[in-house]
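Report on the structure
Here's the letter readout for the chains.
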Amino acid sequence: MFVASVIVIVYKELLMPTPEFKQLRRAYGFDEIALVPGDVTVNPDQTNIEFHLNKLTFQLPILAAAMDAVVNPSFAIALSKFGGLAVLNLEGVQTRYANPSEVLQHIVSATPAEVTPLLQKVYSEPIKENLVGERIRSVKKSGGMIAVSVTPQLTKKLAPLAVEAGADIMVVQSTVTTARHISKSYKGLIFSELVSSIPIPVVVGNCVSYGASLELMRTGVAGLLVGVGPGAACTTREVLGIGVPQVTATLDCAAAREEYFKVSGRYVTIITDGGMRNGGDICKAFASGADAVMLGSIFAQTEESPGHGYHWGMATSHMALPRGTRIKVNVTGRLEQVLLGPATVTDGSQNLIGAIRTALGVCGAFTIRDMHKTEIIIAPSIKTEGKIFQMNKGQC
């Protein structure tokens, strides 16, 4: 009888599900989904792709990332003329050196073994407060719009200088940003205090989750940057193991925006930042809930960018734990080609605006907000189905 009871107990235990320490959920990147065409189509030239940030309106829903190989004052002026918005890094070479072009040339000329120590040395030079104002004013004198990027640690010091010089938008950016930061060594930046203390819109980032997004929105910020580690030159996911694929991250943050809007009546702009290599990825970001996108490596490939065909991450120069790398992206065309065409390449990295308008039209969307309603399907074979000849040539 005892043996039989033991056998029954063991049998029951074998049938019981194994306890889970934590539950995992599936997350999706751009290559794993596809957009379903609409039941009604719209002529592309009738689409409206503006995006709004508080009372500011931009003709193109595209921002240039605050990376030194992407944005300098002349690039910011050029992108502004097309209706986009560039973000200038106030803690980069532009504000540390009177002649940043010379420094950038040293960076792109360094060997792979030399470049990280060189970047660490370059970015150890103190920020010059007079250069902060000079760089911003040079854009404003040419009639351009300019956003500026600072880390939370230096926001209190640099924000007043940027506002005084005429910056249009303040971007507070770190690898991961939350509304609550616990520290014994210093008092964290209080976003609600920053928002109420300066007269320009505040965008913060980066975040990837519903809860963090909702808390940040409650501080009064105008926009959120979405993305941890997807950038072409970023190694955060490799070094720290953190990040969420961009489609899922954008969907979660957009869900927080909708919930916050329902409760408060205030719409917070969602900007998907990084991981987009072509027009198709950008269109998928909009369908996932983005109001605008921030691009780095695509713009680093333009003739107007200051990186001479190279690109590196913002945290590449970190003295203790670099989380980026310098990559060669090559110069493939002019800024106008990248934005408006005509395209001379077939990989979708040029004529981005044409791609956006065409995708909106095919999905039956008049606006970016309409595009949020587009059906998304899980389709991991979407880029390879039927492409045997492209795959054989290494083009897929």
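Whatever comes next refers back to the structure up there.
The sections below set out a description of the structure shown in this document. All values reported here derive from a predicted model rather than from experimental measurement. (Residues numbered from 1 in each chain as written. Predicted model: local features only at pLDDT ≥ 70, side-chain atom pairs only at ≥ 80, totals over all residues. Heavy atoms only, no water.)

Okay, the state of the cysteines next. Applying the stated criterion across every chain yields a total of 0 disulfides. Sulfur of C283: no disulfide; nearest cysteine sulfur belongs to C363 and is 7.9 Å away. Assessed through its relative accessible area of 14%, C363 is described here as buried. (Disulfide = S-S within 2.5 Å. Buried < 20%, exposed > 50% of the residue type's maximum accessible area, 1.4 Å probe, protein only.)

Here the focus is the layout of surface pockets. Taken as a whole, the second largest pocket holds about 870 Å³ of empty space. For the second largest pocket, the lining is made up of 26 residues, of which N278, G280, D347, G348 and K383 are closest to its centre. Of all the secondary structure elements, the ones that give two or more residues to the lining of the second largest pocket are β1 (33-35), α12 (279-287) and α15 (352-362). Here the lining of the second largest pocket gets 5 residues from one element, more than from any other, and that element is α12. Looking at side-chain class alone, the lining of the second largest pocket contains 11 nonpolar, 9 polar and 6 charged residues. (1 Å grid on protein atoms, 1.4 Å probe; cavity = no way out; pocket = protein on both sides within 12 Å on 5 of 7 lines; lining within 4 Å. Points joined across faces, edges and corners; volume = space filled by probe spheres on them. Helix = DSSP H or I, 4+ residues; strand = E, 2+ residues; numbered from the N terminus. Nonpolar A, V, L, I, M, F, W, Y, C, P; charged D, E, K, R; others polar.)

Take the packing of aromatic side chains next. Applying the stated criterion to the full structure yields 3 aromatic pairs. Ring geometry for F51 versus F58: centroids 5.1 Å apart, planes at 20°, classification stacked. Judged by its relative accessible area of 2%, F51 falls in the buried class. Overall, the relative accessible area of 3% leaves F58 in the buried class. When the ring of F75 is compared with that of F299, the centres are 5.6 Å apart and the planes differ by 65°; the resulting orientation is edge-to-face. (Phe/Tyr/Trp six-rings, centres within 6.5 Å; stacked < 30°, edge-to-face > 60°.)

Attention now moves to the side chain of E91. Residue placement: E91 occurs in the loop between β5 (85-89) and α3 (93-96). Buried E91, no salt bridge; nearest opposite-charge side chain is R96, N-O distance 5.1 Å. A distance of 2.7 Å separates the side chain of E91 from the backbone nitrogen of T151, its partner in a polar contact. When near neighbours in sequence (up to four residues on either side) are disregarded, E91 contacts R96, Y123, I127, S149, V150, T151, L154 and L158. (Lys, Arg positive; Asp, Glu negative; His and termini not counted. Salt bridge = Lys/Arg side-chain N within 4 Å of Asp/Glu carboxyl O. Polar contact = N/O pair within 3.5 Å; in protein donor to acceptor, adjacent residues only side chain to side chain. Contact = heavy atoms within 4.5 Å.)

Here we take up the pairing of strand β11 (residues 292-295). Every second residue of β11 is oriented toward a common face, with A292 and M294 on one face and V293 and L295 on the other, all of them buried. Sheet analysis places strand β4 (residues 62-64) next to β11, joined by 3 bridges and oriented parallel. For A64, the partnering residue across the bridge sits in β11 and is L295. Note: strand β10 (residues 269-273) against β11, 3 bridges, orientation parallel. Its bridge partner being in β11, D273 is matched across the sheet by M294. Handedness of the crossover joining β10 and β11 through α12: right-handed. (Pairing = 2+ DSSP bridges. Right-handed = clockwise from strand over helix to strand, strands pointing away.)

Glancing now at the packing of helix α4 (residues 100-109) against helix α5 (residues 112-122). At a minimum axis separation of 9 Å, α4 and α5 run at an interaxial angle of 160°. Judged by the angle between their axes, α4 and α5 are roughly antiparallel. Packed against α4, whose contacting residues are V103, H106 and I107, the element α5 presents V115, L118, L119 and V122 at the interface. (Axes fitted to C-alpha atoms, helices over the stretch in contact; angles between N-to-C directions. Parallel < 35°, antiparallel > 145°, perpendicular 65-115°, else oblique.)

Along the chain, the position of A365 falls in the loop between α15 and α16 (368-371). With 318 residues separating them in the primary sequence, A365 and T47 have C-alpha atoms 7.3 Å apart. Apart from the residues lying within four places of it in its own chain, the contact partners of A365 are V42, T47, L360, D370 and M371.

In this section: the environment of G144. Note that G144 resides in the loop between α6 (129-141) and β6 (147-150). For the pair formed by G144 and G166, sequence separation is 22 residues and the distance between their alpha carbons is 11 Å. Other than its neighbours up to four places away in sequence, G144 contacts S80, V139 and D168.

On to the pairing of β6. Neither face of β6 is left uncovered, since the one carrying A147 and S149 and the one carrying V148 and V150 both have all their residues buried. The pairing of β5 with β6 spans 3 bridges and is classified as parallel. Within β6, the position partnered with V87 by the bridge is A147. Two strands pair when backbone bridges link them, and β6 and strand β7 (residues 169-173) are joined in this way by 4 bridges, in the parallel orientation.

What follows covers helix α11 (residues 246-264). The terminal C-alpha atoms of α11, which comprises 19 residues, lie 26 Å apart, in line with the 27 Å expected from a rise of 1.5 Å per residue. All of the buried residues along α11 are Q246, V247, T248, A249, T250, D252, C253, A254, A256, R257 and Y260. Summarising the contacts, the buried residues of α11 are in contact with β1, β8 (202-207), α9 (210-217), β9 (223-226), β10 and α12. Of the residues trailing α11, G265 is marked for its positive phi of about 80°. (Expected span 1.5 Å × (residues − 1).)

In the structure shown here, the tally under the stated rule is 13 salt bridges. Residue D31 is joined to R277 by a salt bridge in which the shortest nitrogen-to-oxygen separation is 2.7 Å. You can see D31 sitting in the loop between α1 (2-15) and β1 and its partner R277 sitting in the loop between β10 and α12, a full 246 residues away along the chain. Owing to a relative accessible area of 33%, D31 belongs among the partly exposed residues under this scheme. Taking relative accessible area as the criterion, R277 reaches 39% and is therefore assigned partly exposed. Connected through shared salt-bridge partners, D31, R277, D281 and K383 make up one network.

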